Amino acid sequence: MNDIEIADLYQELIVDHSRRPRNYRRLENATHQAEGFNPLCGDKVKVYVDLENDVVRDISFEGEGCAISKASASLMTETIKGKSKAEVEQLFSRFRDLATGTGDGSGLGKLAVFSGLRGFPARVKCATLVWHTLRAALEQTANIVSTE
Amino acid sequence: MSALRVLKSAEFDLLQIRRDFPALHQKVHGKPLVYLDNAATTQKPKAVIDAVSQFYRSDCSNVHRAVHALSERATNAYEAARRTVQQFINARSEREIVFVRGATEAINLVMNSFVRPRMKSGGEILISVLEHHSNIVPWQLLAEQTAARLVVAPINDDGELMLDEFEQCLSSRTVFVSLAHISNALGTVLPVREIVQMAHARNIPVLIDGAQAVAHAGVDVHELDCDFYAFSGHKVFGPTGIGVLYGRENLLDEMPPYQAGGDMIRTVTFEKTTYNDLPYKFEAGTPHIAGAIGLGAALEYLKRVGIDRAGAHERGLLAYGTELLTAIPGLRMIGTAREKIGVFSFVLEGVHPHDVGTILDRDGIAVRTGHHCAQPVMERFGVPATTRASLALYNSKAELDALANGIRRLQKLFAISG
Ligand SMILES: Cc1ncc(COP(=O)(O)O)c(C=O)c1O
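This one's a predicted model, so the numbers in the text were calculated from it and none came from an experiment. (Residues numbered from 1 in each chain as written. Chains lettered and ligands numbered in written order. Predicted model: local features only at pLDDT ≥ 70, side-chain atom pairs only at ≥ 80, totals over all residues. Heavy atoms only, no water.)

## With respect to the interface of chain B and chain A
- Taken together, the contacts link 20 residues of chain B with 23 residues of chain A.
- Summed over both sides, the interface of chain B with chain A buries roughly 1,900 Å², with 57% coming from carbon and sulfur.
- The interface formed by chain B and chain A includes two salt bridges.
- Remark: the boundary between chain B and chain A carries eight residue pairs in polar contact (both at pLDDT 80 or more).
- Elements with a minimum of two residues in the side of chain B that touches chain A: α13 (353-362) and α15 (397-414) of chain B. (Contact = heavy atoms within 4.5 Å. Buried area = accessible area lost by both parts, 1.4 Å probe. Salt bridge = Lys/Arg side-chain N within 4 Å of Asp/Glu carboxyl O. Polar contact = N/O pair within 3.5 Å; in protein donor to acceptor, adjacent residues only side chain to side chain. Helix = DSSP H or I, 4+ residues; strand = E, 2+ residues; numbered from the N terminus.)

Below you can see the structure in the form of structure tokens.
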């Protein structure tokens, strides 16, 4: 294995969240929800949000995908709980910058663990799909978002 | 001494063969490339690269058009490639060899020019669960447009087509049968000879999609007795963008053209156009001349190596790799047919194929992950995707060792918090 880069990507926190994703369930009282799909690899994710006064009171997800997509969804839900829509937007743009190697991950907390993605451009979409899906849910613009 | 030499030349010299393929000798992420994605496309031997390069360096010209020397050389080389294909698959005549873009275009050609005119409402097209999307979607399209029905023959848990069940799918409504020779997702070799006999007993014509077969098994369309046979050059060590449709001459003869343009006509007036002879009737426009020449060189190369010797080598690797991989805890092999070629499609407990692909890539190991353009196969086995390692004649046991080691190490990575 090209150990350094691989270890950078699959950090212990990521592997842990991929194996035991948090907030992995259906949210019965969701006010907003959306589905995301990556036709290239078949990753699927569904995000449920309970939004009150533009603040995420609760959030959960379900889906199927690789370790990166599962861990990203799991860590995202942990981070987003209690945040306002504006804060979600800010976190998303920082997260995207981190994943594509243009940002340093500051202000991202635990999500900074995805810094290893910069060495794997083909895997950026795995991590961002759930974010796009969350934004779609909050906007309720489309029910199914696609990475393509 | 000379007797020894003769013996040697009849052997399968893996080192020499590997030297014939320049792309194999490179490092990827600092590791020697282990290319195990041959079902997607194969690497090219120098003989093919040189033939294509020779055409562009000195013979580049259009074919069938001019009287000048270059055009004559190009035409000769293009038609020589057609003869090579004809002999390689044992077709009766060069008129039965149509150059197309690949297996996909060959299937679409048959769908449009042969099956569509015969299709009636309520008619049926019979395929199998094992098909590549390119042998599913054209028929779905036709079924939608003609109110016909797509019938899908089942497979068993080993990924084998069951002949009894297949026969039950044939009926008086069946208009056409289109089946893979070898499954790209699982490596299963289908009993195509028996299938053709069953269909012909009911006067139903058959297309065999040989995209995965030509590089791994001797193909004899005469003995198979199929009506059409389709394959792609790039999966048999030739260039991309070139492929072959074999069709029985009497059938091709009665079919209308697929595309219209230059080269496929004899005379054109605004009142009436008469079509060219076979196979040109189906080769509208300037063809992929360099591609055809490259494909000819690829088949000549394969003939020199010996398809039987290559097949024996690959069977050895298949047995070795099967033992090696099935010994890995948590690895489930998908596709365990008795008759199969060197395709290892598998899932690992607790590790998604996408992650397997990324991690193996950093080891220099190229495998395919995903649904392999065969989503119904994935569904049949209840998995969203698999990791697939697929062999060609230049692969080695050492490469399979590297694969197995890579898998064991990535399993450790994913076990850290377990
Ligand atoms: C069994 C089978 N049929 C058809 C095709 C389509 O070939 P092409 O994309 O070269 O047209 C493939 C390619 O993956 C294949 O494996």
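## Describing unusual backbone geometry
Residue and element names in this part refer to chain B.
- P279 follows L278 through a cis peptide bond whose omega is -5°.
- For H372, which is not glycine, the phi dihedral falls at a positive 60°.
- At C373, a residue that is not glycine, the phi angle is positive and equals roughly 55°.
- Topologically, C373 is positioned in the loop between β16 (368-370) and α14 (375-380).

## Focus on the sheet that holds strand β17 (residues 386-390) of chain B
Residues and elements named next belong to chain B.
- Spatial strand order, β13-β14-β17-β16: four strands in an open sheet with antiparallel pairing. Single-partner strands in this sheet number two, and they are β13 (331-334) and β16. Averaged over all pairs of adjacent strands, the angle between strand axes in this sheet comes to 30°, irrespective of strand direction.
- Examined bridge by bridge, strand β14 (residues 343-348) and β17 share four bridges and lie antiparallel to one another. When the sheet's bridge partners are listed, F346 is paired in β17 with T387.
- Contacts from helix α12 (residues 307-326) reach β13 and β14 within the one sheet, and its direction differs from that of β14 by about 5°. (Pairing = 2+ DSSP bridges. Axes fitted to C-alpha atoms, helices over the stretch in contact; angles between N-to-C directions.)

## Some points on the site of the ligand
Residues and elements named next belong to chain B.
- Residues in close proximity to the ligand include G102, A103, T104, H132, S134, N184, D209, A211, Q212, S232, H234 and K235, which together make up its full environment.
- Note that an oxygen atom of the ligand is positioned 3.4 Å from one of the backbone N or O atoms of A103.
- Q212 places a side-chain nitrogen or oxygen 2.7 Å from an oxygen atom of the ligand.
- Surface burial for the ligand is 85%, taken as the share of its 390 Å² of free accessible area covered by protein chains. (Near = heavy atom within 4 Å. Areas by Shrake-Rupley, 256 points an atom, 1.4 Å probe, with all protein chains shown as cover.)

## Section: the domain arrangement of chain B
Residues and elements named next belong to chain B.
- As assigned here, chain B comprises domain 1 (4-32 + 306-417) and domain 2 (48-303).
- Here the C-alpha centroids of domain 1 and domain 2 sit 28 Å apart.
- In this complex, domain 1 contributes 33 residues to the contact, which on the side of domain 2 involves 30 residues.
- For the pairing of domain 1 and domain 2, the buried interface totals around 2,500 Å² over both sides, and the portion due to carbon and sulfur atoms is 60%.
- By the criterion of area lost to domain 2, the three top residues of domain 1 are I307, I341 and R380, representing 24% of everything that side buries.
- Taken together, domain 1 and domain 2 are joined by two salt bridges.
- Note that D157 and R380 form a salt bridge whose closest N and O atoms lie 2.9 Å from each other. (Domains from an automatic or database assignment.)

## Regarding the packing of α13(B) against α15(B)
Residues and elements named next belong to chain B.
- Two elements in contact, α13 and α15, have axes whose closest approach is 10 Å; the angle formed by their N-to-C orientations is 120°. Considering only the axes of α13 and α15, their crossing is right-handed. Residues D355, V356, I359 and L360 of α13 form the contact with α15, whose own contacting residues are L403, G406, I407, L410, L413 and F414.
- Residues of the contact of α13 with α15, tallied by class, amount to eight nonpolar, one polar and one charged. (Left-handed = near helix turned anticlockwise from the far one by under 90°. Nonpolar A, V, L, I, M, F, W, Y, C, P; charged D, E, K, R; others polar.)

## Overview of the pairing of strand β1 (residues 32-38) of chain A
Residue and element names in this part refer to chain A.
- Side chains of β1 alternate between two faces, with H32, A34, G36 and N38 buried and Q33, E35 and F37 left unburied.
- Relative to strand β2 (residues 43-52), β1 is paired through seven bridges, and the arrangement is antiparallel. Its bridge partner lying in β2, E35 is registered against K46.
- The antiparallel hairpin formed by β1 and β2 contains four residues in its connecting segment, where G42 sits at a positive phi of about 85°. (Buried < 20%, exposed > 50% of the residue type's maximum accessible area, 1.4 Å probe, protein only.)

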